[in-house]
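An overview of the molecular structure
What follows is each chain in one-letter form.
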Amino acid sequence: MTEASGLRPRDILIVIAVVTVWGLNFIAMHWGVAEISPLLMSGLRYVAAVIPAIFLVRRPKVALGLLLAYGLFVGVGQFGLLFSAIKLGMPAGLASIVVQVQAFVSILLAVVFLRERISASQAIGAGVAFFGIGVIAYDRLEGAVMVPLLMTVVAACCWGIANLITKWAGKIDMLGLVVWSSLVPPLPLLALSIIIEGPGAVPTAIANITWVGIGSILFVGWLGTVFGYGMWSVMLSRHPASTIAPFTLLVPVVGIGASALILGERINGPEIAGSVLVFVGLLLNVFGPRMFAQRA
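Read on for an overview of the structure. None of these values were measured; they are calculated from a predicted model.

A few points about helix H6 (residues 120-139)
The first and last C-alpha atoms of H6 sit 29 Å apart over 20 residues, in line with the 28 Å expected at 1.5 Å per residue. Every buried residue of H6 is listed here: Ser121, Gln122, Gly125, Ala126, Ala129, Gly132, Ile133, Ile136 and Ala137. Along the long axis of H6, the arc covered by the buried residues comes to 155°, so they all point the same way. Pointing more than 90 degrees away from the buried face of H6 are the exposed residues Phe131 and Tyr138.

Considering the environment of Leu183
Locating Leu183 in the fold gives a position in the loop between helix H8 (174-181) and helix H9 (186-197). Remark: the alpha-carbon pair of Leu183 and Gln102, spanning 81 residues in sequence, is separated by 23 Å. Discounting chain neighbours no more than four positions away, the residues touching Leu183 are Val50 and Ile54.

Notes on the pattern of salt bridges
Counting across every chain of the model gives one salt bridge. Between Lys167 and Glu116 there is a salt bridge, with the nearest N and O atoms lying 3.7 Å from each other. Pair noted here: Lys167 is in helix H7 (residues 143-169) and Glu116 is in the loop between helix H5 (102-114) and H6, with a separation of 51 residues, a long-range link. Judged by its relative accessible area of 45%, Lys167 is partly exposed.

Cut-off values and rules
Residues numbered from 1 in each chain as written. Predicted model: local features only at pLDDT ≥ 70, side-chain atom pairs only at ≥ 80, totals over all residues. Heavy atoms only, no water. Helix = DSSP H or I, 4+ residues; strand = E, 2+ residues; numbered from the N terminus. Expected span 1.5 Å × (residues − 1). Buried < 20%, exposed > 50% of the residue type's maximum accessible area, 1.4 Å probe, protein only. Arc of directions from axis to C-beta. Contact = heavy atoms within 4.5 Å. Salt bridge = Lys/Arg side-chain N within 4 Å of Asp/Glu carboxyl O.

Pasting the structure below:
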């Protein structure tokens, strides 16, 4: 094991592979919603995740209500809104960092509902990050571009609620929760697709889908969900969360870098400034408590 982190080189490679896949998810989302309506694309993502894994993974020992709630907030709330925001023009790279405010939403909900204490560095980090969101929002005051940003923030809030649900569920098999909760979103998302996107969304997708669209569905379903959460849960079972969690800071780095290289996305000055503030807030949230403790 390496002295600095307690991680074997193989484990480090696995964790980096996971966060790389999660960062590239935003590219796959961008390509997917170009061919398939976003709500339908979100539902198909979960169909792809369920089909191979449901026969291999045991149902987690968790109350049915919590399983349903997790599936609704992650599948319908988080990804339904995120896919729709990208379809409406939210840059994939910018979405990858804005959605990370879920970390601070999770902390706030844990303080309110679980009576957890928040450290000074976490409070400062949250303030810095949300100020960064404000900087980005100020640059997007025009309604047409403001809506996708707000949808991405609400998606992050849904992710935070889902994290609270996992805390209520206790120590369970996270991969089992992800796989079995994937049974929940397809029907609600299909219903919403028919209501909001119209009954022609399904036949239009079938008629126009290409291998790029199919590949996007399989990528976010198999790699992003089954491989990503599966390997992540394995790493969390082997190592302390404080060792593994900081690697999630690489997700927006991969997302923004890949969006610039592959999609040619460029973000303007205020968006860069806001993104930097969000990232600094995340750094304070992850590393701040340890640094303050060492100084004390």
